[in-house]
Structure formats: C-alpha cells, structure tokens
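Here is what each chain is made of, one letter per residue.
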Amino acid sequence: PAAAARAQASPAAAVSASSVVAWGANEYNQSDVPADLTGVVAVAAGETQTLALKADGTVVGWGYCYYYYRCDYLPEAAQSGVAAVAASRNQNLVLRRDGTIFGWGSTYEQSPPSGLTGITAIAVGPYLGAALKSDGTVVTWGFTDYGQDAFAVGLTGARAIAVGEYHALAVRADGTVVGSGGPKYDDSAAARAPKGLTGVVSVAAGANHSLALKSDGTVVGWGGNAYGEATVPRGLTGVKSIAAGGNQSLALKTDGTLVIWGAVRTGPASRPVGLAGVTAIAAGTQHAVAVTISGLPTAPPRLAIDASGTAPVVRWTAPAYAGMTGITGYTLTAQPGNFRIRLGANARSYRLTRLDARRPLVVTVAASTRAGLGPVASVRAARNAVLAFQPATGKWLRPGLPAFVYGRAGDRAVPADYNADGVTDLAVFRDGSWYVRGLPAVRFGQHGDIPVPGDYNGDGAVEMAVFRPANGTWYIRGSSSTRLGTVGDVPVPADYNGDGRTDIAVFRPANGAWYIELPGRLSYSITRYGTRGDIPVPGDFNGDGTADLSVYRPRTATWYRGTGIRFGQRGDVPVVADFNVDGRSEFALYRPSSGIWYIRGGSALRLGGSGFRPLPPRAPVVRYP
C-alpha cells in the first residue's frame, strides 16, 4: 500500500542506468534485489513481494506474490507494455500503457472488473483495489465490508488515490481529501483528513495511517500513530513524493534524499546509510524499496582524520556504488583556510601540511564519476577534540591548549551546540541554572535534577532538559514534560530511531532494562539488555544513524554489544563517541589514575587526571575560548 501508481513517462537516458535498493523484513526474500537489475523507473512493495517496472515496460518481481507462489514467473500481461505497478498482501496490479489493468493474486479479494479502459492510476490494498480514470472517476473492487469503497461513490474530478489496510483515500480537484473505511467502517481516523487540509497533490495510506503531500512540498500525517508513523518530522520540506506501508512512512525530497519515520517489525524504520540519488520509492508492510541513479553512492566514503600532530592526515575508503561507471577522482576541502585540492581516482589519503592542527578542522572529501554527476559523496570530519572537566575547580582541559576555567565547584559540565551555530559551546549546570559561555544564563530545573541536553525537536539546536529522579519526569525547555523513569534509573537520551531527534530513555540498573519512549510519545518500549551493575553506553556502532544498545560491565571490564569484548581494567570510566569521525561510535576508556584515554582500535591520548571527568568529543567541533 502506498500512493497510487501512475503511468511512467518515457525515461531519460540516465534513468536506464538506475538500480534498486531494498531494506527491512526479508523472510520471504522480498528485500533480495536481483543482481544486475537496472533500468528501473518505478517500484511497488507488498507484504511478501516487490515489483520493479523497467523503462522498457517489463516487470521484474521477487519474493512471494501471493501465498506460496513466488514472483519468479509473472503473468503475460506483466511482461510487456506496463506503465505502472502496485502491490499489497497477496495482491498485485499493473496498469498497461493502453490504459487497461491486470491483477493477480488471491481470488478472495476478487480481480479487477473486465473491460476497464482509460485508467491513469492504480492502487491496491489487501482487501480493496482502485483505479483512477481519465475522467476523474474512481472504480473499486474487492472485499468491501469495511466500507473502504464508499469514498468513490459519486466522486468526480479525482486527481490521486491511495488504498491502505482498511481505508482508502482520494484527492479532489480542489486539493481536498476524501476517505472512507476502517475497522470501524466510516469511523476510521485514518480515513478522516484533518479539517482545513487543502492544496494536496497526492496521498498515501498505510495500515492505519495516512499521508498527504501538499503543493508546497510539505507533508501532513494523520490516523494511527502508535509508532510515530503519522508524526511528520519537524521542518520537512522539499518533498516530491510519499509512500506509506504498515506503520512506516517515507518522503522523497527533490534533492534525491529520503526521510523515513515510523516503525517496522524489526525496529524503528530507517534507511540505508548514505542512500542518495533516489528517484522512486515504495513502502511495504515491513520493508521498503528505492530506485537510485547509477553512479551515486549507496554509502558515503568513510572518512577519518588524525590531527594529533602538526600536519593532520585525512584517510578515506572508496564509496560503494550501485552500477558504478567508475570514480574519476576526489575533491578535498578543508576549513578554516579555504583549502581545496583535486586528487586522482586512486587517492586514499592526504596530509594537510598547510593547516594548523591546533585549530578546529572541517574536512570534506567528495567523489566524482565518469557518469558526469559531479561530486556525489561528501563527509565532514573534525579534529579529535576530547575534553576533561574538573568539577572541584571548574577547570577545562583541551588537547594542546592551556587550561581554561569556566564554572565553579560542584558544577556539571554540559557542553553542546545550544544556539545552532555549528560549534559546541562550553556550558555548566548548577542547581537548576544553565551557564553557556557567550549566552545569557537560563534558569531551568532545580537542585537534584540531572541535566540531559539534547536535540529533542530535531531543529539542529540542543535544548536544555533535565531528568528529575524524584518523580521520574523529564522536563524539556520549550516543550511539555514527560513521565518516564523512577528513582535509581539512569537517563540515556539518544536518537534510537534515526529520525534526527533525541529520544527520551532510561536504563534501570536493577534489572538491566531499557525504557525508550516511542515516536509520538504515546508509549514506550522495554528491552532487557544488561544486568545489575552494568553501565549503559549507547552509541551508533554500525553507522546507520540510530543509537544501539550497549553496556559496560565494570567488574569484568567487558563491553557487551551482541557479543562480549574485553577492553579495560577495574577503575576505568567507559566513554562512547565517534572519535575518528567515520560515522560510527567507538569504545573508549578513561583511566583517572593516569589521565589517559584508550580508544579501541585507535591511539591513546593523555588528558586529565585525578578528579577530572572525561567528556567525549561532540560533532560539530568545540569552539576553543
């Protein structure tokens, strides 16, 4: 289920070099994209199957099209002359270039009426099929006991349609939305568009939620929201197409990037790391599919910088390409200094001899291809700027620079980017007051609160927030309070679903359970990972943009993330951060007795000592006073 599938225009030459990426559930091989599949212009995703429409009008399928029948062999009507595809649970539908349609799958939901012509768009759900005709009327068929076909009765001037699990939608000529159906027949929240919604150009329908794309490139969501599927990310603009399936939502932006929210059975909905150049999308019940232009990376170059000396060395690996036509070179830039250099296709490192390693550095490396696409991958990196703070004196330590005092005895260090200016600010929390260097003091909180700053609304700036153990309540400045936790819980805020927002979460040392608030703040998940005495250390260890659960066991100096890793000794303080700026978190230890940081897989660094607390590096880089 998703937005209606429309006839595809004749593709440009570049489209014939397209490729397909699928992710999510794969127990029926619905995410196993056939090798060397190219020339795809559109895709459709059901519950156990995926259909891909090629520029030559043929269709390729994989997974199980219905029940125990694989998609390896498609009906003759889907083997040529196809203009659009649609799929749902046990249902498959194609729109042919002559304006006719053909469906196959479960006969329980019936087949499309024979003799239909003049069709311009199709949509199908597990129980209902719909076809939009050129005269603006809509024809429906299937199992209609949920009333999901009522929207089409007497409807004229329709411009777009969508069919979900139990409901269906259409966009009228005036840009408003009409819908019907649902488990409670016409009383379905997913079928009722918000009052005053206008300017809509397309719609998409999931299991029990709906999306509308407006002419200004914004998206509106409504209906079921148990997993945040109807909560559109704040600030989302520039969208050109949408898709919905199950409890997940997708938005394709005009710049070829993809935004995803909601959840699938395997966890929070997310996209493959570095997915770019997307031209078409589809959302199934538990998986999703995207078409990308060949030559654009399916993952960005992995970039790291060693700034420990006077001449920083930048190293990277070649990006992974789909249908790669060949990398022609790399362009490296560095700031400050406006440094720029063009390097060959075999280059994998560069020494920045003209820049001062003691200053914050931002380095980008972009790859070009013979496809003429120009720079197609860019990664930012900054010098490894760890910090150490001494609560007894308010003293800050930075590598290679003099000590700096900001704060006083008893303060908690809370460095973060509070004003969204692209750098981390030195800051302390003192009995309910926040002191951020260069900004006015702010009173927010009270004695006994634990400061938990984070970007809770996804606007790029860190919000001041506190966790109050006495009543298990989170207070976020500029937002409403949330109850999650109790006395003894350890707050572990992080982005657990990859939507760009900090999520409220606590770790309960008594039973090793993680309590993570689900999107939409309607409920929370409980995951048992750890045991009594463990220290929670979440981090993005695989570079997928979401925080992973991990714990450190002090009594055995063992880290647990899937399997146990012995690293450290008694008395060490665990620290997790992206130390080498490669997009992944690393395990690290701070040894108070010597002030040495030990980074797994990296070099050691001396900074701190007795009485100092380690502050892991943050992106963006720290502004030095």
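Conventions used here
Residues numbered from 1 in each chain as written. Predicted model: local features only at pLDDT ≥ 70, side-chain atom pairs only at ≥ 80, totals over all residues. Heavy atoms only, no water. Helix = DSSP H or I, 4+ residues; strand = E, 2+ residues; numbered from the N terminus. Buried < 20%, exposed > 50% of the residue type's maximum accessible area, 1.4 Å probe, protein only. Contact = heavy atoms within 4.5 Å. Areas by Shrake-Rupley, 256 points an atom, 1.4 Å probe, with all protein chains shown as cover. Salt bridge = Lys/Arg side-chain N within 4 Å of Asp/Glu carboxyl O. Phe/Tyr/Trp six-rings, centres within 6.5 Å; stacked < 30°, edge-to-face > 60°. Lys NZ or Arg CZ within 6 Å of the ring centre and 35° of its normal. Disulfide = S-S within 2.5 Å. Pairing = 2+ DSSP bridges. Axes fitted to C-alpha atoms, helices over the stretch in contact; angles between N-to-C directions. Polar contact = N/O pair within 3.5 Å; in protein donor to acceptor, adjacent residues only side chain to side chain. Patch = residues over 30% accessible without salt bridge, like charges linked within 9 Å, V, L, I, M, F, W, Y side chains within 5 Å.

**What to know about the overall build of the chain**
If you tally the helices and strands in the chain, you get 0 helices and 57 strands. A total of 625 residues make up the chain; the buried ones form 54% of that total. Considering only contacts in the chain between residues 6 or more positions apart, those separated by 24 or more positions represent 44%. Roughly 25,800 Å² of accessible area belongs to the chain as shown, and the carbon and sulfur atoms make up 50% of that amount.

**Digging into the pattern of salt bridges**
Per the stated rule, a full pass over the model turns up 8 salt bridges. Residue Asp72 is joined to Arg70 by a salt bridge in which the shortest nitrogen-to-oxygen separation is 3.0 Å. Here Asp72 falls in the partly exposed class, since its relative accessible area comes to 45%. In this structure, Asp534 and Arg553 form a salt bridge, with 2.8 Å as the shortest nitrogen-oxygen distance. Residue Asp534 is found in the loop between strand E48 (524-528) and strand E49 (535-536), and its partner Arg553 is found in strand E50 (residues 551-553); the two are separated by 19 residues along the sequence. Each member of the pair, Asp534 together with Arg553, is buried. Within the structure, one salt-bridge network assembled from shared partners comprises Glu47, Arg89 and Glu165.

**Some remarks on the packing of aromatic side chains**
Counted under the stated rule, the structure contains 19 aromatic pairs. Arranged with centres 5.6 Å apart and planes meeting at 20°, the rings of Tyr127 and Tyr166 form a pair that is stacked. One end of the pair, Tyr127, is in the loop between strand E10 (119-124) and strand E11 (128-133); the other, Tyr166, is in the loop between strand E13 (160-163) and strand E14 (167-171), with 39 residues separating them in the sequence. A network of ring pairs unites the aromatic residues Tyr127, Phe143, Tyr146 and Tyr166 as a single cluster. The ring of Tyr64 carries Arg70 above its face, with NZ or CZ at 5.0 Å from the centroid.

**What about the state of the cysteines?**
On inspection of all chains with the given rule, the structure shows 1 disulfide. Between the sulfur atoms of Cys65 and its disulfide partner Cys71 the distance amounts to 2.1 Å. Looking along the S-S bond of the Cys65-Cys71 disulfide, the torsion reads about 125°, which is the right-handed sense. Note on accessibility: Cys65 and Cys71 belong to one class, buried.

**Digging into the sheet that holds strand E16 (residues 200-205)**
Pairing is antiparallel across the open sheet formed by 3 strands, whose spatial order is E16-E17-E18. Strands at the two margins of the open sheet, each flanked by one partner only, are E16 and strand E18 (219-223). Taken over all neighbouring pairs, the strand axes of this sheet differ in orientation by 20° on average, direction set aside. Of the pairings in the sheet, the one linking E16 to strand E17 (residues 209-214) comprises 5 bridges and is antiparallel in character. Considered in E17, the bridge of Val200 is made with Lys214.

**Regarding the environment of Ala513**
Among the secondary structure elements, Ala513 is positioned in strand E47 (residues 513-517). Ala513 gets classed as buried once you look at its relative accessible area, which sits at 4%. With 16 residues separating them along the chain, Ala513 and Tyr529 place their C-alpha atoms 5.9 Å apart.

**So, the environment of Ala226**
Within the secondary structure, Ala226 is located in the loop between E18 and strand E19 (239-245). For the pair formed by Ala226 and Leu518, sequence separation is 292 residues and the distance between their alpha carbons is 7.9 Å.

**Examining the environment of Glu165**
Structurally, the position occupied by Glu165 is in the loop between E13 and E14. Judged by relative accessible area, which is 14%, Glu165 ranks as buried. With 41 residues separating them in the primary sequence, Glu165 and Gly206 have C-alpha atoms 6.5 Å apart. With sequence-adjacent residues up to four places away left out, Glu165 is seen in contact with Arg89, Pro126, Tyr127, Gly206 and Ala207. Engagement of the side chain of Glu165 in a polar contact is seen with the side chain of Arg89, the distance being 3.2 Å.

**Points about the sheet that holds E13**
Reading across the sheet, the 3 strands line up as E13-E14-E15 and stay open at both edges, with antiparallel pairing between neighbours. Each edge of the open sheet carries a strand with a single partner, namely E13 and strand E15 (177-181). Averaged over all pairs of adjacent strands, the angle between strand axes in this sheet comes to 15°, irrespective of strand direction. Both E13 and E14 contribute to a ladder of 4 bridges, which runs antiparallel. Looking across to E14, one finds that Ile161 is bridged to Ala170.

**Structural notes on a nonpolar patch on the surface**
A surface patch of nonpolar side chains, about 460 Å² in accessible area, is lined by Tyr67, Tyr68 and Tyr69. Residue position: Tyr69 is located in strand E6 (residues 69-70).

**Digging into the pairing of strand E3 (residues 40-45)**
Summarising burial for E3: 6 of the 6 residues are buried, a large majority. One ladder, built from 5 bridges, connects E3 with strand E4 (residues 49-54); its direction is antiparallel. Among the inter-strand pairings, Ala44 is bridged to a residue of E4, identified as Leu51. Between E3 and E4, which pair antiparallel one after the other, the connecting turn spans 3 residues.

**Quick word on the side chain of Ser210**
Within the secondary structure layout, Ser210 lies in strand E17. At a separation of 2.9 Å, a polar atom in the side chain of Ser210 contacts the side chain of His167.

**Remarks on the pairing of strand E5 (residues 59-66)**
Strand direction decides the pairing type here: E4 and E5, joined by 5 bridges, are antiparallel. Across the sheet, residue Leu53 finds its bridge partner in E5, namely Val59. As consecutive antiparallel partners, E4 and E5 are separated by 4 residues, and within that stretch Gly57 has a phi angle of approximately 85°, a positive value. Pairing of E5 with E6 involves 2 bridges; the strand directions are antiparallel. Residue Tyr64 lies in a different strand from E6, and its bridge partner there is Arg70. With antiparallel pairing between neighbouring strands as the criterion, E5 and E6 make up a hairpin whose turn holds 2 residues, including Tyr67 at a positive phi of roughly 45°.

**Section: unusual backbone geometry**
Trans peptide bonds make up most of the peptide bonds, and negative phi angles are found at most residues other than glycine. For Asn90, which is not a glycine, the phi torsion comes out positive at approximately 60°. Locating Asn90 in the fold gives a position in the loop between strand E7 (82-88) and strand E8 (91-96). Residue Asn90 is classed as buried on the basis of its relative accessible area, which comes to 14%. For Ala557, which is not glycine, the phi torsion reads 50° and is therefore positive.

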